[in-house]
Protein chains: 2
Amino acid sequence: MRDRRPCLPVGIIGIVSRGMDANEIRPAISANRVPTPTLERLATYLKCLHDVAQAGVTTISSAALQEMAGINASQFRKDLSYFGEFGRPGVGYHVADLHDRITAILHMDVDQRMVLVGAGNLGAALAGYPGLTEERLHLVAAFDNDPAKIGRKLWHLEVRPIESMGEVNAALGARIGIIAVPRSAAQAVAGTMIAAGILAILNFAPIILRVPPAVLVRNVSVTQELSVLCYHLEAAPTDDPPPHGGA
Amino acid sequence: MRDRRPCLPVGIIGIVSRGMDANEIRPAISANRVPTPTLERLATYLKCLHDVAQAGVTTISSAALQEMAGINASQFRKDLSYFGEFGRPGVGYHVADLHDRITAILHMDVDQRMVLVGAGNLGAALAGYPGLTEERLHLVAAFDNDPAKIGRKLWHLEVRPIESMGEVNAALGARIGIIAVPRSAAQAVAGTMIAAGILAILNFAPIILRVPPAVLVRNVSVTQELSVLCYHLEAAPTDDPPPHGGA
DNA sequence: TAGATTGTTAATCGATTAACAATC
DNA sequence: TAGATTGTTAATCGATTAACAATC
């Protein structure tokens, strides 16, 4: 801890290249020194720190955080250690400071622009979700291929034809794309996005997208989540064991 | 493989109880012999098998599946091995048969009933999503606490007052609940669901729910996913390295 | 039979948790 | 100073990948 080595910027420690020789299928493993589970937890930490701050707490130890939020204290400290030093031995963490630093690590201290493709129910729900703007995530354009939808308003956004994405995003410069189209259209949409300069995709379509290694994809699949829940339900809809019919 | 031991039903091999002594915080680790990543991949396999079947293929090897869908052949076989034997050495897997068997493993060969709480944009998108019914996942009731919404229609569902959930679900017997309410209401909704007999929860609110160990929770957080994407974007909105101002 | 491919075991890899010297 | 708590290293645990005997 104390010895403070040359303080290597995390993303640069050296391209890892595990077994990823000719693997164009997996998206953007690249210089991924920080474990993905750690990154996923950072957003959770942020929420907890926000809650704790609202409760009037200004300094908190990892042990107290474990007590309050169910976050393992060791894991919390280990996760933070990928990014530097954040606390003071014997004291703990300054809540507001840590919140701001994690926000900066995630690049959420600046406004991020995003484009949306798919102006259906899901697209409408995303465009109308205030939680995005609160996190400085801004939908700046919406696209669809349905002539009936083009030109209509999706909250503050006008739905544009998908062919215009390249031109539109040349002006807007969004680097995050959200795919909220049916499965059959998703791969083509991904291609259009990448051609328009999108570097990171949040995909709601139930399909494994093929993208170049430089593009990162995260998938959200409601039916997959529900599958896992279903698995854990025992088979009987009533209280009977499986072999018996219900009554 | 060949020796065919007494064929232990997977969920029963013995309560694992790792370090889970007095840990009410983590949901339903319980008799979890099958790794969660394996369960998550089963739904992916299902989609691939569906595609492959539509392409007219009746038999496929794990190597061919790796080629087609980017699924690691070893991992695929290993994942299946938790549930029995599915293929024939020298031949491969019968596509339709494997599809049906994985569907049964996930308990998705029977209709599953679900209740929804939250009749906002997200709730509406979920209720209107045809992909659920296609997988035999049926929303059978919707609830909200907003008097302006109660009594209105959410597609085929009438929005009911949340206080009626116990009574309503006593008749319906849904065991899966979907939480699509703001963060501030989510914990209370979870409690109401559990009191109404819900055993598995899909939570869209950005909060870690406290539930009894017997209840399983899966979280979907759009902002968390976007955080991970943002992290991988370099800081410069244009092409300049971070220290320089844009032009 | 010879070739192909499974299910499973062993080896590797990575992530989580525990322990502790450093230090506030 | 004595007590508390960090950041980090080491130990544990679990998941992925490779290798191969079994067998179609």
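Residues numbered from 1 in each chain as written. Chains lettered and ligands numbered in written order. Predicted model: local features only at pLDDT ≥ 70, side-chain atom pairs only at ≥ 80, totals over all residues. Heavy atoms only, no water.

A.B. asks: What's the story with the interface of chain A and chain B in this structure? I'm lost.
C.D. replies: How big an interface is tends to be reported as the loss of accessible area on association of its parts. Listed per partner, the contact involves 65 residues of chain A and 65 residues of chain B. In total, about 6,000 Å² of surface goes out of reach between chain A and chain B, with carbon and sulfur atoms giving 66% of it. Three residues stand out in chain A for area buried against chain B, namely Leu229(A), Tyr231(A) and Leu233(A), and they jointly supply 12% of the buried area on that side. On the surface where chain A and chain B come into contact, there are four salt bridges. Between Arg183(A) and Asp51(B) there is a salt bridge; the shortest N-O distance is 3.0 Å. At the junction of chain A and chain B, the tally comes to twelve residue pairs in polar contact (both at pLDDT 80 or more). When residues of the side of chain A that touches chain B are traced back to their parent elements, those giving at least two are helix 1 (36-54), helix 2 (62-69), strand 4 (112-117), helix 5 (121-127), helix 6 (130-134), strand 9 (200-203), strand 10 (216-219) and helix 9 (222-232) of chain A. (Contact = heavy atoms within 4.5 Å. Buried area = accessible area lost by both parts, 1.4 Å probe. Salt bridge = Lys/Arg side-chain N within 4 Å of Asp/Glu carboxyl O. Polar contact = N/O pair within 3.5 Å; in protein donor to acceptor, adjacent residues only side chain to side chain. Helix = DSSP H or I, 4+ residues; strand = E, 2+ residues; numbered from the N terminus.)

A.B. asks: Would you take a moment to explain the pattern of salt bridges for this structure?
C.D. replies: A side chain of one charge can pair with a side chain of the opposite charge if their charged atoms are brought near each other. Under the definition given, this model contains ten salt bridges over all chains. For the salt bridge of Arg218(A) with Glu225(B), the shortest nitrogen-to-oxygen distance reads 2.7 Å. One end of the pair, Arg218(A), is in strand 10; the other, Glu225(B), is in helix 9 (residues 222-232), on a second chain. For Arg218(A), a relative accessible area of 12% gives the class buried. Given the relative accessible area of 12%, Glu225(B) is considered buried. Among the ionic pairs, Asp79(B) bridges to Arg41(B), the shortest N-O distance being 2.7 Å. On the criterion of sequence distance, the pair formed by Asp79(B) in helix 3 (residues 73-81) and Arg41(B) in helix 1 (residues 36-54) is long-range, its members being 38 residues apart. (Buried < 20%, exposed > 50% of the residue type's maximum accessible area, 1.4 Å probe, protein only.)

A.B. asks: Where do I start with the nonpolar core in this structure?
C.D. replies: Soluble globular proteins: nonpolar side chains tend toward being buried together. Formed by 100 residues in total, the largest nonpolar core has its most connected members in Ile102(A), Leu226(A), Ile102(B) and Leu226(B). Beyond its immediate chain neighbours, meaning those up to four positions away, Leu226(A) contacts Met114(B), Leu132(B), Leu137(B), Ile176(B) and Leu202(B). Within the second largest apolar cluster, 23 residues are counted, among which are Ile162(A), Val189(A), Met193(A) and Val211(A). (Core = buried A, V, L, I, M, F, W, Y, C linked by side-chain atoms within 4.5 Å.)

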